[in-house]
Amino acid sequence: MRPSHVLRRALLTALLLSGVWTTSLAAQQQHVLIITGLGGEPAYRAAFADVARRLHDVAATRWRVPAAQITALVEDPTRDPQRFRGRSTKDAVAAAFLAMAGRVKPGDLVFVFLHGHGSGVGPEATVNLAGPDPTAADYATYLSGFTQQTIVFVNAASASGDFTRVLAGPRRVVLTSTKSSVERNETQFAGHFVRGLESLEADGNKDGRVSVLEAFDYARRETEKAYEAANKLLTEHALLSDSTLAATVAFGARATSSDPRVAALIAERTALEEQVTALRARKSTMPEATYDAELERLLVAIAEKTRAIRAAGGTP
């Protein structure tokens, strides 16, 4: 890579990680699929169902995802039929991905959250469901049709680490609660991840939204603190496949303003964000240098709008 490209990439990464720009979800449709597996013991069944319920409510209220675009599959849907669409089986999971594929449009965001007891290695890694278990390779197949969408796939189960390399790809962020299939103990990552989303405690730059990177960092820190407080050896080490992309995808809505000047600046910035989303969708059809130059131009413009919003007394 030429020195000029190195400098440009460094600039883009700095802008993204500083929080000046994250994907505008107002310009996207969001699609949420929550899957929890077999608990085995009553305590695990209750914990898995609680995580699914809380995440469903975050998507419905904070992210304002339409009910038709939220699917929660759990071990026992009778626990909460208002929130849970059905039982988590391999056939139901495959059908949920197929139905979602029929709804999505280019540029949309697909968020998949998987939690439970994991096992297996590499492409054969699984999370235990009722009946046959979909493997990591199966999930890769389910996702293969979503080439024009941004994918955020969270596997918060034990022994989940191998999902990262099996599912990693362009326009995808894969998070796992463990670094490999060897870390098989009960995980705490899921609860902290959801808490960071629902409480906004993970909102590091205080813009009223939580990026995927912020949620990941928060959950990892809180998990480490929990082990330290219990004086236990840390047996889960979370992984993230693409930190740069993770910094550009945020959950929640930006704050609005009653000040016409600030509102106008926010609208102008939103329009620029939408141009970035459209540009990312065209990346594979453009020369790398052209794409980088246009992305740099847009991100600098967004940074300038953000500074103007702050100067006018608004909240970025």
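Conventions we followed
Along each chain, the written sequence defines residue order, and numbers are assigned to residues from 1. Reporting of local features is limited, given that this is a predicted model, to residues whose pLDDT is at least 70; pairs of side-chain atoms are given and counted only at 80 or more, and all residues count toward the totals for whole chains, interfaces and linings. Working from all heavy atoms in the structure, the side-chain values ignore hydrogens and water. In this description a helix means any DSSP run of H or I spanning at least four residues, a strand means any run of E spanning at least two, and both kinds are numbered starting from the N terminus. Each residue gets one of three labels from its accessible area relative to the maximum for its type: buried under 20%, exposed over 50%, partly exposed in between, using a 1.4 Å probe on protein chains only. Here, Shrake-Rupley sampling with a 1.4 Å probe gives the accessible areas, and only protein chains in the shown set may cover a residue. Two strands qualify as a pair provided that DSSP identifies no fewer than 2 bridges between them. It only takes one pair of heavy atoms within 4.5 Å for two residues to be counted as in contact. Here an axis means a line fitted to C-alpha atoms, over the contact stretch when the element is a helix, while the angle between two N-to-C directions is reported on a 0 to 180 degree scale. Should an angle lie under 35 degrees it is considered roughly parallel, over 145 roughly antiparallel, and from 65 to 115 roughly perpendicular; all remaining angles are considered oblique. Crossing handedness is read from the near helix: turned anticlockwise from the far helix by less than a right angle, it gives a left-handed crossing, and turned clockwise, a right-handed one. Note that Gly is not counted as nonpolar here; it falls among the polar residues with everything else outside the nonpolar set of Ala, Val, Leu, Ile, Met, Phe, Trp, Tyr, Cys and Pro and the charged set of Asp, Glu, Lys and Arg. Arc definition: it is the arc formed by the directions from the helix axis to the C-beta atoms. Each residue gets a pLDDT score, which is the predictor's confidence in that residue and runs from 0 to 100. The criterion is simple. A nonpolar core is a set of buried Ala, Val, Leu, Ile, Met, Phe, Trp, Tyr and Cys residues joined through side-chain atoms within 4.5 Å. For this analysis, a polar contact is any N or O atom pair within 3.5 Å, provided that within protein one partner can donate a hydrogen and the other can accept it, and provided that sequence-adjacent residues contribute only side-chain to side-chain pairs. Put simply, a salt bridge is a Lys or Arg side-chain nitrogen that is within 4 Å of an Asp or Glu carboxyl oxygen.

With respect to the overall build of the protein
When helices and strands are counted, the protein shows 10 helices and 11 strands. By the burial criterion, 50% of the 316 residues in the protein qualify as buried. Of the roughly 13,800 Å² that the protein leaves accessible, carbon and sulfur atoms contribute 53%.

Focus on the sheet that holds strand 8 (residues 172-176)
Read across the sheet, seven strands follow the order 3-2-1-4-7-8-10 without closing on themselves; strand pairing throughout is mixed. In this open sheet, the two strands that pair with only one neighbour each are strand 3 (86-87) and strand 10 (239-240). Alignment of strand 2 (residues 70-74) against strand 3, held across two bridges, turns out to be parallel. Pairing of Val74 across the sheet is with Arg87, part of strand 3. Along the sheet face, helix 4 (residues 136-143) touches strand 1 (30-36), strand 4 (109-115), strand 7 (150-155) and strand 8 and points at about 160 degrees away from the line of strand 7. Strand contacts of helix 6 (residues 189-199): strand 4, strand 7 and strand 8, with the helix running at about 145 degrees to strand 4, the strand carrying the most contacts.

Considerations on the packing of helix 9 (residues 260-281) against helix 10 (residues 288-311)
The description of two packed helices rests on the angle between their axes and on the distance between the axes. Taken N-terminus to C-terminus, the directions of helix 9 and helix 10 make an angle of 160 degrees; their axes are 9 Å apart at the nearest point. On the basis of their axis angle, the class for helix 9 and helix 10 is roughly antiparallel. In the packing of helix 9 onto helix 10, the handedness of the crossing is left-handed. Seen from helix 9, the contacting residues are Val262, Leu265, Ile266, Glu268, Arg269, Leu272, Glu273, Gln275, Val276, Leu279 and Arg280; seen from helix 10, they are Tyr291, Glu294, Leu295, Arg297, Leu298, Ala301, Ile302, Lys305, Thr306, Ala308 and Ile309. Within the contact of helix 9 with helix 10, the residues separate by chemical class into 13 nonpolar, two polar and seven charged.

Considerations on helix 4
Residues three or four positions apart in an α-helix share a direction because the helix packs 3.6 residues into each turn. Within helix 4 the residues assigned to the buried category are Ala136, Tyr139, Tyr142 and Leu143. Along the axis of helix 4, the buried positions cluster into a sector of 110 degrees, meaning they face one direction only.

With respect to the confidence of the model for the protein
Residues of the protein with pLDDT of at least 70 account for 88%, and the chain-wide mean is 87. Confidence drops under pLDDT 50 across residues 17-21; counting only partners more than four residues distant or on other chains, this segment forms 19 contacts.

Here we look at the environment of Leu272
In this fold, Leu272 is placed in helix 9. Spatially, the C-alpha atom of Leu272 lies 8.3 Å from that of Leu299, the residues being 27 residues apart in sequence. Other than its neighbours up to four places away in sequence, Leu272 contacts Leu298, Ala301, Ile302 and Lys305.

Comments concerning the nonpolar core
Within the largest apolar cluster, 40 residues are counted, with the highest numbers of intra-cluster contacts made by Trp63, Phe111, Phe113 and Phe193. Here this core gets six residues from one element, more than from any other, and that element is helix 7 (residues 212-229). Of all hydrophobic cores here, the second largest spans 25 residues; its members include Val93, Phe97, Val112 and Ala125.

Digging into the packing of helix 2 (residues 42-62) against helix 6
Direction vectors running N to C along helix 2 and helix 6 enclose 25 degrees, while the axes themselves pass 10 Å from each other. By the angle between their axes, helix 2 is roughly parallel relative to helix 6. When the axes of helix 2 and helix 6 are compared, the crossing they make is left-handed. In this structure, helix 2 uses Val51, Arg54, Leu55, Val58 and Arg62 to contact helix 6, whose residues at the interface are Ala190, Gly191, Val194, Arg195, Leu197, Glu198 and Ser199. Its residues assigned to classes, the contact of helix 2 with helix 6 shows six nonpolar, two polar and four charged.

Topic: unusual backbone geometry
The phi dihedral of Arg64 is positive, around 60 degrees, even though this residue is not glycine. Relative to the helices and strands, Arg64 resides in the loop between helix 2 and strand 2. Of note, Arg171 is a non-glycine position whose phi angle comes to about 60 degrees, a positive value.

Side note on the environment of Ala96
Within the secondary structure, Ala96 sits in helix 3 (residues 90-103). With relative accessibility at 12%, the residue Ala96 sits in the buried group. Along the sequence, Ala96 and Leu33 sit 63 residues apart, while their C-alpha atoms lie 7.7 Å from each other. Once residues within four sequence positions are removed from consideration, Ala96 is found in contact with Leu33, Thr71 and Leu73.

So, the environment of Thr78
Along the polypeptide, Thr78 turns up in the loop between strand 2 and strand 3. Relative accessible area serves as the criterion here: at 62%, Thr78 is assigned to the exposed category. A polar contact of 2.4 Å, which involves the side chain of Thr78, links it to the side chain of Asp76.

A word on the pattern of salt bridges
For the structure shown, the criterion picks out 12 salt bridges. The closest approach of N and O atoms between Glu201 and Arg195, which form a salt bridge, is 2.5 Å. A cluster of three or more residues bridged by salt bridges with shared partners is formed by Asp50, Arg53, Arg54 and Glu198.

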